[in-house]
Amino acid sequence: MRKIHDELPKFMNTVFGWVATGEVKHATSTPRVSCYLMLVDSLDKAIEKFWATEELPEKLPCSLEEEDCENYFCNTFSRNAAGRYIVRYPKRMGFYNIIGKSRDMAMRGFQQTERRLERDINLRKQYNEFMQEYIDLGHMKLIGVVNDIRTNERTVCYLPHHAVFKESSSTTKIRVVFDGSAKTSTNYSLNEALLTGPVIQDDLFDLMVRFRKHTVALVADVENMYRQIRTHPDDTPLQRILWRFSPSEPTMEFEIQPVTYGLSPSSFLATRVLKQMAIDSKSEHSETALAIEEDFYMDDFLSGADSVEKAKRLQVDVQTILAKGGFQLRKWSSNKPGVLEDLLAEAVDNTTKLHHEQPVKVKTLEGVWEIKSDCLSIEVHATNDNIQWTKRKICSEIAKLYNPLGLVSPVVAWAKICLQHVWLAAGDWDDVVPDEINTKWSNFYSQLPFLHGFKVSRFIFAADSTVTQFHVFCDASEVGYGACMYARTVERDGQANVKLIASKACGTVEKSVITTLRARRCTFGSQIVC
């Protein structure tokens, strides 16, 4: 700890470097509050997503920047002879002054990736196959050997790349991600020089509630969604990469041709193209266009109809419209096997083919959908290992309890109450929490596997109901509050059915907790105080 002057803060040398702490005395009588914080991206985003489920979906007006993105898309998109959409990346004013040189940075990243590939033969094989597929499909265009290319680096941008794994995927286990957040020589990244664009799809909560009102459910996803949209030739120089299939070959430069996963506007452009396909087909297929516009969450399609015949027609029409834009739907699933009988075998999810013989599960945006019983269930990955719990580990596990419809809100509420006390405990991210919190959390964590037996019906109504009612209950106590909504339907024979639609619950915060969090200027303070 170092003290320079009585009217200046003290300086403390921490693992993050020198940190200033303490009061700063000003001549003016106007009080000022300073807040110093550090964000850990992956965990911070997960916690933010976790707390966002407490907020009701709200349609916010577009900002001027978002309106600019929408107008720019409408004025610049086009379609090629094959029907595929061609888009431009929306850029900030002074774009080419913001981004700097990036080839040296990309070369260092490539050399690091290549060293990793040399240590793992299987990874090298999968990486090569991924890149070869990009070339074979025309998604990657060869520019030339690195040392032979002379270009103005301020007009191009080189992207580092690395592999990410998804063992749960039934199709692609490895995916190469291109990093648009890597800093160029100006200390700004390509993503910082591009506009992000608005979120144009409905909230996940709305989508899941609509999915539960269909008698016949339909689920699918778009195959390689981003790669079906072409980038305008004027913008492909912004997505160059360095690559070679073997260290014995010269390093080559390639340009990625489709919209690239990893750039800030890519999500907007992909979903906006989906919306444009709905707009372009609205005059001929109004109901199908509405389903395309409302029932997609990124590349996941969750929809349905009131009968098998209507569902089959919806499936055919959606597939036909999207195919005109180069989008192929795959991994089709339905609770009614007759809906998918006319599809090619490779277009149907492998688990769906077996759902008459044994219970199978399909992952949806909410959790797990058990097709045979047509129920939604919860999937948790708690282990029986003797874990030394730290603030970081507890926050990470709590964030995994993301549950948009609140089907297990009482469980999540307890975790939120625990999280409040974790933040009160002294210590850094990786310090072991006090014994009292450790005991309570360990006991709670050991019971999470019991959630595997929890199920609710996906379909919230009755097929031949004559009366439908919605009942909402809310209550509060000293330790928490919550609300839940049920659908009550009465069938023609007088049988009543009650099914949970959604719920929300949270722990209340004691005054001492609020005071402590404010005093510490905790990063998540404004989110913890419910």
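Definitions and limits used
Here the residue numbers are simple positions, counted from 1 along each chain's written sequence. A pLDDT threshold of at least 70 governs which residues receive local features in this predicted model, and a stricter bar of 80 or more applies before side-chain atom pairs are shown or counted, although totals over entire chains, interfaces and linings include all residues. Excluded from the side-chain calculations are hydrogens and water; all other atoms, namely the structure's heavy atoms, are used. Pairing between strands is defined by DSSP: at least two bridges between them are needed. Each helix is a run of DSSP H or I of at least 4 residues and each strand a run of E of at least 2, with the numbering of both proceeding from the N terminus. Helix axes are fitted to C-alpha atoms over the stretch in contact, other axes to C-alpha atoms as well, and angles between N-to-C directions run from 0 to 180 degrees. Contact criterion: two residues are considered in contact whenever any of their non-hydrogen atoms come within 4.5 Å of each other. The classification of residues rests on relative accessible area computed with a 1.4 Å probe and restricted to protein chains. Under 20% of the type maximum is buried, over 50% is exposed, and intermediate values are partly exposed. Nitrogen and oxygen atoms within 3.5 Å of one another constitute a polar contact, given that in protein one can donate a hydrogen and the other can accept it, and given that sequence-neighbouring residues count only through two side-chain atoms. By definition, a salt bridge exists where a carboxyl oxygen of Asp or Glu is found within 4 Å of a side-chain nitrogen of Lys or Arg. For this analysis, a nonpolar core means a set of buried residues of the types Ala, Val, Leu, Ile, Met, Phe, Trp, Tyr and Cys, connected via side-chain atoms within 4.5 Å. In these notes the angle categories are as follows: under 35 degrees is roughly parallel, over 145 is roughly antiparallel, 65 to 115 is roughly perpendicular, and the rest is oblique. Handedness of a crossing follows from how the near helix is turned relative to the far one, being left-handed for an anticlockwise turn of less than a right angle and right-handed for a clockwise one. Surface patches are drawn from residues lacking salt bridges whose relative accessible area is over 30%; two like charges belong together within 9 Å, two nonpolar side chains (Val, Leu, Ile, Met, Phe, Trp, Tyr) within 5 Å. In this description, accessible areas are obtained by the Shrake-Rupley approach with a 1.4 Å probe, and a residue is regarded as covered only by the protein chains that are shown. Take the number of residues in a helix, subtract one, and multiply by 1.5 Å to get its expected span. The reported arc concerns the directions from the helix axis to the C-beta atoms and nothing else. Note on ring pairs: Phe, Tyr and Trp rings are taken, using the six-membered ring of Trp, and paired if centres are within 6.5 Å. Classes follow the plane angle, with under 30 degrees stacked, over 60 edge-to-face and the rest tilted. Two conditions define a charge sitting above a ring: the NZ of Lys or the CZ of Arg must be within 6 Å of the ring centre, and it must be within 35 degrees of the ring normal. For this text, the term disulfide refers to a pair of cysteine sulfurs within 2.5 Å.

**A look at the sheet that holds strand β6 (residues 140-145)**
Moving on, step 1. One open sheet holds the three strands; their spatial order is β6-β12-β11, and the pairing between them is antiparallel. Of all strands in the sheet, those bounded by a partner on one side alone are β6 and β11 (240-243). This sheet shows a mean twist of 30 degrees between the axes of neighbouring strands, independent of strand direction.
Moving on, step 2. Note: β6 against strand β12 (residues 252-256), five bridges, orientation antiparallel. If you follow Lys141 over to β12, its bridge partner there is Glu255.
Moving on, step 3. The sheet contacts of helix α4 (residues 103-119) involve β11 and β12, and relative to β11 the element is tilted by about 40 degrees.
Moving on, step 4. The strands touched by helix α5 (residues 121-136) are β6, β11 and β12; relative to β11, the strand with the most contacts, the crossing angle is about 135 degrees.

**Re the pairing of strand β15 (residues 329-334)**
Moving on, step 1. Counting buried positions along β15 gives five out of six residues, so the element sits mostly inside the fold.
Moving on, step 2. Two elements, strand β9 (residues 216-222) and β15, share four bridges in a ladder whose sense is antiparallel. Across the sheet, residue Val219 finds its bridge partner in β15, namely Ser333.

**Focus on the side chain of Arg103**
Moving on, step 1. Tracing the backbone shows Arg103 in helix α4.
Moving on, step 2. Here the side chain of Arg103 touches Val146 through a polar contact of 3.4 Å, landing on its backbone oxygen.

**Considering the pattern of salt bridges**
Moving on, step 1. Counted by the stated rule, this structure contains 27 salt bridges.
Moving on, step 2. Among the ionic pairs, Lys282 bridges to Glu293, the shortest N-O distance being 3.6 Å. Note that Lys282 is positioned in the loop between α8 (266-281) and α9 (286-294) and Glu293 in helix α9, a separation of eleven residues in sequence.
Moving on, step 3. Connected through salt bridges with shared partners, the residues Arg88, Lys91, Asp234 and Asp235 form a single ionic network.

**Regarding the pairing of β11**
Moving on, step 1. Residue alternation in β11 divides its side chains into two sets, Arg240 and Leu242 and Ile241 and Trp243, and both sets are buried.
Moving on, step 2. Of the strand pairs in this sheet, β11 and β12 are connected by four bridges, and their pairing is antiparallel. Counted as the bridge partner of Leu242 is Glu253 from β12.

**As for the nonpolar core**
Nonpolar side chains tend to gather and get buried jointly when the protein is soluble and globular.
Moving on, step 1. Counting 72 residues, the largest nonpolar core has Leu190, Ile241, Leu322, Phe327 and Trp332 as the members making the most contacts within it.
Moving on, step 2. A per-element tally of this core places α8 first, with seven residues.
Moving on, step 3. Setting aside its immediate chain neighbours within four residues, Phe327 contacts Val222, Met225, Gln228, Ile229, Val273, Leu274, Met277 and Leu322.
Moving on, step 4. In this structure, Val408, Val412, Trp423 and Phe444 belong to the second largest nonpolar core, which totals 23 residues.

**Digging into the packing of helix α11 (residues 391-399) against helix α12 (residues 409-424)**
Moving on, step 1. Between α11 and α12, the least distance of the axes is 11 Å, while the angle of their chain directions is 160 degrees. Comparing their axes, α12 and α11 come out roughly antiparallel. Viewed along their axes, α11 and α12 form a crossing whose handedness is left-handed. Counting all contacts with α11, which are made through Lys391, Ile394, Cys395 and Ile398, the residues of α12 involved are Ala415, Leu419, Val422 and Trp423.

**Describing the sheet that holds strand β13 (residues 296-297)**
Moving on, step 1. Read from one edge to the other, the open sheet built from four strands follows the order β13-β14-β9-β15, with strand pairing classed as antiparallel. In the strand order of this sheet, the two ends are held by β13 and β15, each with one partner.
Moving on, step 2. Relative to strand β14 (residues 300-305), β13 is paired through two bridges, and the arrangement is antiparallel. Looking across to β14, one finds that Tyr297 is bridged to Asp300.

**Some remarks on a nonpolar patch on the surface**
Moving on, step 1. Taken together, the side chains of Phe470, Val472 and Met485 make up a nonpolar region of the molecular surface, amounting to roughly 280 Å² of accessible area.
Moving on, step 2. Examined against the element boundaries, Met485 turns out to sit in strand β21 (residues 480-491).
Moving on, step 3. Overall, Met485 belongs to the partly exposed group, its relative accessible area being 31%.

**Some points on α5**
Moving on, step 1. Here α5 is 16 residues long and its end C-alpha atoms lie 22 Å apart, about the 22 Å a rise of 1.5 Å per residue gives.
Moving on, step 2. Listed in full, the buried residues belonging to α5 are Leu123, Arg124, Tyr127, Asn128, Phe130, Met131 and Tyr134. In a view along the axis of α5, the buried residues occupy a sector of 160 degrees, so they form one face of it. For α5, the exposed residues set more than 90 degrees away from the buried face come down to Ile121 and Asp136.
Moving on, step 3. Packed against the buried residues of α5 are α4, β6, β7 (161-165), β8 (174-178), β11 and β12.

**Brief notes about the packing of aromatic side chains**
Moving on, step 1. Here the structure, examined in full by the defined rule, presents 22 aromatic pairs.
Moving on, step 2. An aromatic cluster is built from Trp389, Trp414, Trp441, Phe444 and Tyr445, whose rings are joined through pairwise contacts.
Moving on, step 3. Its guanidinium or amino end placed over the ring of Phe130, Arg227 lies 5.6 Å from that ring's centre, counting from NZ or CZ.
Moving on, step 4. Directly above the aromatic system of Phe211 lies the positively charged group of Arg458, at a separation of 5.3 Å from the ring centroid.

**Thoughts on the state of the cysteines**
Moving on, step 1. Evaluation of the coordinates by the stated rule reveals zero disulfides.
Moving on, step 2. Summary of cysteine pairing: Cys62 is not part of a disulfide, and the nearest cysteine sulfur, belonging to Cys69, is at 9.5 Å.
Moving on, step 3. With relative accessibility at 42%, the residue Cys62 sits in the partly exposed group.

Any functional reading would require information beyond the geometric quantities listed.
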